Amino acid sequence: MEVKEYSLKLSTEQAQANVDELNKSLVLQEDLIEEIETELRGYEKQLEKTSKKDLAARKHVNDKIKETKTRLDEEKAGLKSVTKDRKRANESMKEAEENAADYGGVLGMIDSK
């Protein structure tokens, strides 16, 4: 009896799990960005309502705006990273599906021998 071993680089289940996880991360990241943007708009409205003569309050609100914009930029950069990772994961999944189809065809040929 002849024993033949075959292995796939990445199973379709693993690839799908990776894509699903990245999709969850993407949704969470988008939600967080939306929350930060809402927070930023709130600070900007607060600044508009703050008296031009109340320099301390304006400085405080401007500092909050600056801090929020920095967080927003960081989260947007993170979103870009997750998007790139998801693209790679989708490519890996496509490759895994193709490999699984090829593997299935090869097994069929081997089994018939």
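Residues numbered from 1 in each chain as written. Predicted model: local features only at pLDDT ≥ 70, side-chain atom pairs only at ≥ 80, totals over all residues. Heavy atoms only, no water.

All right, on to the overall build of the chain then. Each helix and strand counted, the chain has two helices and zero strands in total. By the burial criterion, 19% of the 113 residues in the chain qualify as buried. Pairs at least 24 apart in sequence give 80% of the contacts found in the chain among residues at least 6 apart. Counting every atom, the chain has about 8,800 Å² of accessible surface; 50% of that belongs to carbon and sulfur. (Helix = DSSP H or I, 4+ residues; strand = E, 2+ residues; numbered from the N terminus. Buried < 20%, exposed > 50% of the residue type's maximum accessible area, 1.4 Å probe, protein only. Contact = heavy atoms within 4.5 Å. Areas by Shrake-Rupley, 256 points an atom, 1.4 Å probe, with all protein chains shown as cover.)

With that out of the way, let us pick up the environment of Asp63. If you trace the backbone, Asp63 turns up in helix 2 (residues 55-112). A sequence separation of 20 residues divides Asp63 from Tyr43, and the C-alpha atoms of the two residues are 9.8 Å apart.

Attention now moves to the pattern of salt bridges. If you walk through the whole model with that rule in mind, you get four salt bridges. Here Glu39 ties to Arg71 by a salt bridge, and the two come within 3.1 Å at their closest N and O atoms. Taken together, the residues span a long stretch of sequence, with Glu39 in helix 1 (residues 12-49) and Arg71 in helix 2 at a distance of 32 residues. As a salt-bridge pair, Asp85 and Arg88 come within 3.0 Å of each other at their nearest N and O atoms. A residue pair is termed a helical-turn pair when its members lie 3 or 4 positions apart in one helix, as Asp85 and Arg88 do in helix 2 at three residues. (Salt bridge = Lys/Arg side-chain N within 4 Å of Asp/Glu carboxyl O.)

The next thing to look at is the environment of Asn62. By secondary structure assignment, the location of Asn62 is in helix 2. Spatially, the C-alpha atoms of Asn62 and Leu47 are 7.3 Å apart, while their sequence positions differ by 15 residues.

Looking at the secondary structure, you find Arg58 in helix 2. Salt bridges are absent for the buried Arg58, whose nearest opposite-charge side chain, Asp54, sits at 8.4 Å. Polar side-chain contacts of Arg58 include one of 3.2 Å to the backbone oxygen of Leu47. Here Thr50 takes part through its backbone oxygen, which lies 3.1 Å from a polar atom of the side chain of Arg58. With sequence-adjacent residues up to four places away left out, Arg58 is seen in contact with Leu47, Thr50, Ser51 and Lys52. (Lys, Arg positive; Asp, Glu negative; His and termini not counted. Polar contact = N/O pair within 3.5 Å; in protein donor to acceptor, adjacent residues only side chain to side chain.)

Another point: the nonpolar core. Counting 11 residues, the largest nonpolar core is built from Leu26, Ile33, Ile36, Leu40, Tyr43, Leu47, Val61, Ile65, Leu72, Leu79 and Val82. Breaking this core down by element, the ones donating at least two residues are helix 1 and helix 2. Here this core takes six residues from helix 1, the largest share from any one element. Filtering out sequence-adjacent residues up to four positions away, Ile65 remains in contact with Leu40, Tyr43, Glu44 and Leu47. Grouped together as the second largest cluster of nonpolar side chains are six residues, Ala15, Ala89, Met93 and Ala96 included. (Core = buried A, V, L, I, M, F, W, Y, C linked by side-chain atoms within 4.5 Å.)

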